[in-house]
Structures are given as structure tokens and as C-alpha cells.
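Observations on the three-dimensional arrangement
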Amino acid sequence: MCATSEIRHLQKLQNKLCRRSTCYNIICTQIPAIEAAIAQLQQEQMDNLALRASVAFRERGEKSVGYLKRTIKIRSAQRAIPSLQHPDTNIINSSIPHLHNSVCSFYSSLYTPTLISQVAVDDLLTNLSPSCGLSPQVRDQLTAPITIDELLTQALKI
């Protein structure tokens, strides 16, 4: 039996006892036990939802199970990736193998170095305004390949 149905069952039992019982001793002994069982089940349900939602919601000692359920639903929707467009084929698909292939292709091309256009670099440098103040030596240093010694020198400065 799930926690929600157990809680409902205990609440029905509690209501039945309150309506039908005329003996004060029965009400005084059984009702607190039922209320404690309901509170324990609600606490377990709330703790479980709080773990799933990564949120501990407490306001004036009250526990909002509905808030936690909504938070779980919203967070799972925010994390879900319904479909992706493959970067190479431009096909949109939502199957798991396609999603995996699309992500792998995207990140492998993202971190793959690409050559720069030397014509574009030369065009940029020739069209710089004289007020920029780049001498031919500085231009040569900017466009020269980076050596291992320069990398090591700069890495040691950090």
C-alpha cells in the first residue's frame, strides 16, 4: 500500500472514530495514535519528495507536499532535452542514440582547433587605422606562431 492511500485510510478511520464513538477514553487513546501514524507517513512522504526535489521547504513548521511535487515536475522538465538538431546533418530527432550522437558530434567539433584565414588576418592588419599605433614589429609578434617556450614562460607566471 502506498503512503498516500495509507494516509487516506487512517484519516477515514479517524473520522469514523470521531463520529461514532461516544466513549471519551477511546477517543483520547486511539485518535492521538492515529494522528501520530498520519504525521509519520506525511513526514516520510515529505522527506522523500524533499530529497527528490533537492529542496527543504519549511514555512512556520508546515510542510507543503504539493510544492515539492511541483518543484520536482518543473526541474525534471527543465533538465529534459526533448530533441536536438544534429550539427552535421541538420536532422531533428528525439531518440536517445540520435541525442547522444548529436551531442558527441557538437562537442568534438567545438573543441577541435580550426585554421584561421591568413588572408583575413592580413586584411584586418592592413585596414587598422594609424591611430591604433601598431608598429610592424608588434604586428609580426601578434601573427607569429606561439612556441612551447612562450607557453611555459607564461604558465610559470600564473
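Report on the accompanying structure. Given the structure is predicted, the values throughout are model-derived calculations rather than measurements.

**Some details on the overall build of the protein**
- Of the regular secondary structure elements, the protein holds seven helices and two strands.
- Secondary structure elements of the protein occur, N-terminal to C-terminal, as α-α-α-β-β-α-α-α-α.
- A compact globule built from 158 residues should have a C-alpha radius of gyration of about 15 Å, whereas the protein, at 34 Å, is more than 25% larger.
- Based on the C-alpha atoms only, the size of the protein along its principal axes is roughly 105 × 40 × 30 Å.
- Burial statistics for the protein: of 158 residues in total, 15% are counted as buried.
- Partitioning the intrachain contacts of the protein with sequence separation of at least 6 by distance along the chain shows that 16% fall at a separation of at least 24.
- Accessible area for the protein stands at about 12800 Å²; split by element, carbon and sulfur atoms hold 59% of it.

**Examining a positive patch on the surface**
- A contiguous patch of positive charge, built from Arg8, Lys12, Lys16, Arg19, Arg20 and Lys69, is present on the exposed surface.
- Tallying contributions element by element places helix 1 (residues 3-20) first for the positive patch, with five residues.
- Among the secondary structure elements, Lys69 is positioned in helix 3 (residues 65-79).
- With a relative accessible area of 46%, Lys69 lands in the partly exposed category.

**Concerning the packing of aromatic side chains**
- Considering all chains together, one arrives at one aromatic pair under this definition.
- Plain terms: the ring middles of Phe106 and Tyr107 are 5.0 Å apart, the flat faces sit at 80° to each other, and that makes the pair edge-to-face.
- For Phe106, a relative accessible area of 40% gives the class partly exposed.
- Take Tyr107: its relative accessible area is 43%, and that puts it in the partly exposed class.

**Notes on the nonpolar core**
- Listed in full, the seven residues of the largest apolar core are Ile7, Leu10, Leu17, Ile31, Ile34, Ile38 and Leu41.
- Those elements that place two or more of their residues in this core are helix 1 and helix 2 (24-53).
- It is helix 2 that contributes the most residues to this core, four residues altogether.
- Grouped together as the second largest cluster of nonpolar side chains are five residues, Met46, Leu49, Leu68 and Ile72 included.

**Focus on a nonpolar patch on the surface**
- Among the surface-exposed residues, Val103, Phe106, Tyr107, Leu110 and Tyr111 lie close enough to one another that they form a single nonpolar patch of about 530 Å² accessible area.
- Here Phe106 is to be found in helix 4 (residues 96-110).

**Some thoughts on the side chain of Ser102**
- Along the chain, the position of Ser102 falls in helix 4.
- When residues no more than four places from it in sequence are discounted, the contact partners of Ser102 are Leu84, Gln85, His86 and Pro87.

**Section: the environment of Ala36**
- Along the chain, Ala36 falls in helix 2.
- Each C-alpha atom of the pair Ala36 and Leu49 lies 20 Å from the other, and the pair is 13 residues apart in sequence.

Procedures and definitions
Residues numbered from 1 in each chain as written. Predicted model: local features only at pLDDT ≥ 70, side-chain atom pairs only at ≥ 80, totals over all residues. Heavy atoms only, no water. Helix = DSSP H or I, 4+ residues; strand = E, 2+ residues; numbered from the N terminus. Rg over C-alpha atoms; globule rule 2.2 N^0.38 Å. Buried < 20%, exposed > 50% of the residue type's maximum accessible area, 1.4 Å probe, protein only. Contact = heavy atoms within 4.5 Å. Areas by Shrake-Rupley, 256 points an atom, 1.4 Å probe, with all protein chains shown as cover. Patch = residues over 30% accessible without salt bridge, like charges linked within 9 Å, V, L, I, M, F, W, Y side chains within 5 Å. Salt bridge = Lys/Arg side-chain N within 4 Å of Asp/Glu carboxyl O. Lys, Arg positive; Asp, Glu negative; His and termini not counted. Charge placed at Lys NZ, Arg CZ, Asp CG, Glu CD. Phe/Tyr/Trp six-rings, centres within 6.5 Å; stacked < 30°, edge-to-face > 60°. Core = buried A, V, L, I, M, F, W, Y, C linked by side-chain atoms within 4.5 Å.

Note that all results are geometric; they support no functional claim without further evidence.
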